[in-house]
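Results of the structural survey
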Amino acid sequence: MNSSDLTIAIVGATGAVGRIALDLLAERDHPVEKIVAMASSRSAGKKLPYKGKELVVVEATPDAFTGADVAFISASSEVSKRLAPEAVSRGALVIDDGSAFRMEDSVPLVVPEVNGADVEWHSGIISIPNCTTTPLVMVLDALRSVAPITAVTVATYQSVTGTGAAADVELLTQSRSVLDSEDVVIEQYPYQIAFNVIPQVDNFLASGYTVEEDKMLNESRKILHEPTLRLAATCVRVPVQVSHSESVTVEFLNRVSVQEAKQAMSDADGLLLVDDPQNNVYPMPLKAAGDDEVHVGRIRDDIAHDNGLSLWLSCDNLRKGAALNALQILDEVLRRDCLKPSKKTAAI
Ligand SMILES: NC(=O)c1ccc[n+]([C@@H]2O[C@H](COP(=O)([O-])OP(=O)(O)OC[C@H]3O[C@@H](n4cnc5c(N)ncnc54)[C@H](OP(=O)(O)O)[C@@H]3O)[C@@H](O)[C@H]2O)c1
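Residues numbered from 1 in each chain as written. Predicted model: local features only at pLDDT ≥ 70, side-chain atom pairs only at ≥ 80, totals over all residues.

**Focus on the sheet that holds strand β8 (residues 125-127)**
Here we have 6 strands laid out as an open sheet, ordered β5-β2-β1-β6-β7-β8, and parallel in their pairing. The two strands at the open ends of the sheet, each matched to only one other strand, are β5 (58-59) and β8. Across the sheet, helix α9 (residues 319-335) lies against β6 (70-73), β7 (93-96) and β8, angled at about 145° from β7, the strand it touches most. (Pairing = 2+ DSSP bridges. Helix = DSSP H or I, 4+ residues; strand = E, 2+ residues; numbered from the N terminus. Contact = placed C-beta atoms within 7 Å. Axes fitted to C-alpha atoms, helices over the stretch in contact; angles between N-to-C directions.)

Given below as structure tokens:
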């Protein structure tokens with residue numbers, strides 16, 4: 001089967017990720033036969049623009065998946081847990097954007113540039129990683145081709161669309177309120193996000209790390225097939241609309257030069273070297289927004305550690321961090337001819 005014969009269901013089509021998925025399908029001129037836009041009952045009947053026409057949103061119910069070959073689910077863990085098995089039992093491959101299945105042994109967690117072959121052992125569901133994990137593992141995968149990695153320290157600067165469309169509205173509304181000296185309404189985060197940074201993404205665990213930081217560790221290990229990778233993350237929400245940035249320090253078993261690291265970035269699929277600090281050229285969220293590539297720059301020796309390098313990256317969290325990665329997983333599945341579950345097992 002090729003993609004021109006496919007019926008694709010998009011659950012969460014009215015949300016931040018779902019809308020970008022529709023844009024990407026149109027932009028990339030994906031020759032799908034039919035798209036079924038789904039959301040909650042609140043949105044049933046709403047019209048969404050698609051290639052100069054309109055898609056009418058239907059409520060995501062189990063029977064709505066009848067006839068779908070692929071279901072992209074970008075809603076919430078609760079929705080994924082409830083609807084993914086229904087879609088699979090009706091013959092669809094589920095590509096899930098949320099965290100519901102990511103760490104399950106029977107579910108591949110895939111960034112095609114890093115572990116595309118893992119799609120071959122799916123049993124109906126493939127997960128995409130958290131939007132902070134995806135760009136990080138792409139950079140780590142390129143760097144480990146130069147020398148083995150012994151430890152990673154990362155601090156994130158995460159945009160509000162990582163939380164969803166409502167958080168984007170909240171940032172803009174709060175910003176207007178502050179500028180107009182009006183009271184600020186706080187709903188999405190524990191504190192005001194406009195003109196602030198919040199060193200908390202998701203809830204805290206007993207370890208002192210947050211769930212988001214824990215996800216970065218566990219998901220990176222699974223995707224890279226490095227179950228003992230040492231990685232410490234600090235995840236921070238910043239008042240940026242689109243694109244997550246990360247400050248990353250990587251320690252290696254042996255010395256890696258800046259030039260070797262730059263070459264590895266240039267050679268890797270999906271990475272764009274943006275690194276000319278003398279001319280103020282480095283990755284920024286505003287520049288990365290709307291781009292498919294992960295922008296990487298400010299690559300330099302880490303003077304606090306032996307065999308260390310530091311770098312900075314920015315990545316559009318709605319594209320490569322979510323919808324684009326999901327579409328690329330479908331491309332990988334079709335290329336490897338494994339739309340239907342196989343008997344293969346995980347290679348880890
Ligand atoms: N945002 C990112 O950067 C990013 C990156 C990677 C992964 N993800 C994951 O992608 C998912 C969606 O994120 P988002 O940012 O797009 O969120 P969002 O903007 O809040 O959108 C949520 C979507 O889910 C739909 N929905 C809510 N309840 C539903 C239900 N009962 N049945 C069917 N659909 C329902 C909403 O439909 P209504 O409009 O009808 O309410 C809306 O379309 C989350 O799991 C998130 O973890 C997000």
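Having seen it, we continue.
**Considering the site of the ligand**
Looking at the ligand, there are 29 residues lining it, with G15, S43, A75, G98 and G164 nearest. At the level of secondary structure, the elements contributing two or more residues to the shell around the ligand comprise α1 (16-27), α5 (165-179) and α9. The leading source of residues in the shell around the ligand is α1, at 3 residues. Residue composition of the shell around the ligand, grouped by class: 13 nonpolar, 14 polar and 2 charged. (Near = placed C-beta within 6 Å. Nonpolar A, V, L, I, M, F, W, Y, C, P; charged D, E, K, R; others polar.)

**As for the nonpolar core**
I10, V11, A71 and V139 are the most contacted members of the largest nonpolar core, which has 92 residues in total. Among the elements that line this core, the one with the most residues is α9, at 8 residues. Taken domain by domain, this core gets at least three of its residues from each of domain 1 (3-129 + 322-335) and domain 2 (133-159 + 197-317). The residues touching V11, leaving out its near neighbours within four places in the chain, are M38, A60, A71, F72, I73, S74, A75, V79 and L83. Membership of the second largest hydrophobic core comes to 5 residues, among which are V160, L171, I193 and V240. (Core = buried A, V, L, I, M, F, W, Y, C linked by C-beta atoms within 7 Å. Buried ≥ 20, exposed ≤ 12 C-beta atoms within 10 Å, placed from the backbone. Domains from an automatic or database assignment.)

**As for the sheet that holds strand β12 (residues 271-273)**
What the 6 strands build is an open sheet, ordered β10-β9-β11-β14-β13-β12; its pairing is mixed. Edge positions in the sheet fall to β10 (231-237) and β12, since each of these pairs with one other strand and no more. Across the sheet, the mean angle from the axis of one strand to that of its neighbour is 20°, orientation sign disregarded. Sheet analysis places strand β13 (residues 294-301) next to strand β14 (residues 308-315), joined by 5 bridges and oriented antiparallel. Along β14, the bridge assignment pairs H295 with S314. Running over the sheet, helix α6 (residues 211-224) touches β9 (149-158) and β10 and is turned about 140° from β10.

**Brief notes about the environment of S310**
Residue position: S310 is located in strand β14. A sequence separation of 59 residues divides S310 from E251, and the C-alpha atoms of the two residues are 8.9 Å apart. Ignoring any residue separated from it by four or fewer positions in sequence, one finds S310 in contact with V248, T249, R300 and D302.

**Things to note about α5**
Between its first and last C-alpha, α5 extends 22 Å over 15 residues, near the 21 Å set by a 1.5 Å rise per residue. Among the residues making up α5, those that are buried are A167, E170, L171 and Q174. The buried residues of α5 occupy one face: seen down the axis, they fall within an arc of 100°. Along α5, exposed side chains directed more than 90 degrees from the buried face belong to R176 and L179. (Expected span 1.5 Å × (residues − 1). Arc of directions from axis to C-beta.)

**Concerning the packing of α1 against α9**
The contact between α1 and α9 brings their axes to 9 Å, and the two run at 50°. On the basis of the axis angle, α1 is oblique to α9. Note that α1 runs across α9; the crossing there is right-handed. Where α1 approaches α9, its residues V17, I20, A21 and L24 are matched on the opposing element by R319, A322, A323, L324, A326 and L327. (Parallel < 35°, antiparallel > 145°, perpendicular 65-115°, else oblique. Left-handed = near helix turned anticlockwise from the far one by under 90°.)

**Here's the deal with the domain arrangement of the protein**
Split by domain assignment, the protein resolves into domain 1 (3-129 + 322-335) and domain 2 (133-159 + 197-317). Measuring from the centre of the C-alpha atoms in domain 1 to the corresponding centre in domain 2 gives 27 Å. The interface is formed by 12 residues belonging to domain 1 together with 16 residues belonging to domain 2. Secondary-structure elements contributing two or more residues to the side of domain 1 that touches domain 2 are α3 (112-115) and α9. Counted by class, the side of domain 1 that touches domain 2 contains 7 nonpolar, 3 polar and 2 charged residues.

**Notes on the pairing of strand β2 (residues 34-39)**
Along β2, 5 of the 6 residues are buried, which leaves the element largely enclosed by surrounding structure. Where β2 meets β5, 2 bridges bridge the pair, whose relative direction is parallel. Bridge pairing links M38 to V58 in β5.

**Here's the deal with α6**
The terminal C-alpha atoms of α6 lie 20 Å apart, and with 14 residues this matches the ideal 20 Å at 1.5 Å per residue to within 8%. Every buried residue of α6 is listed here: E212, E213, K215, M216, E219, S220, K222 and I223. Residues of α6 that are buried make contact with α3, α4 (133-144), β9 and β10. Positioned one or two residues after α6, H225 has a phi angle of 55°, which is positive.

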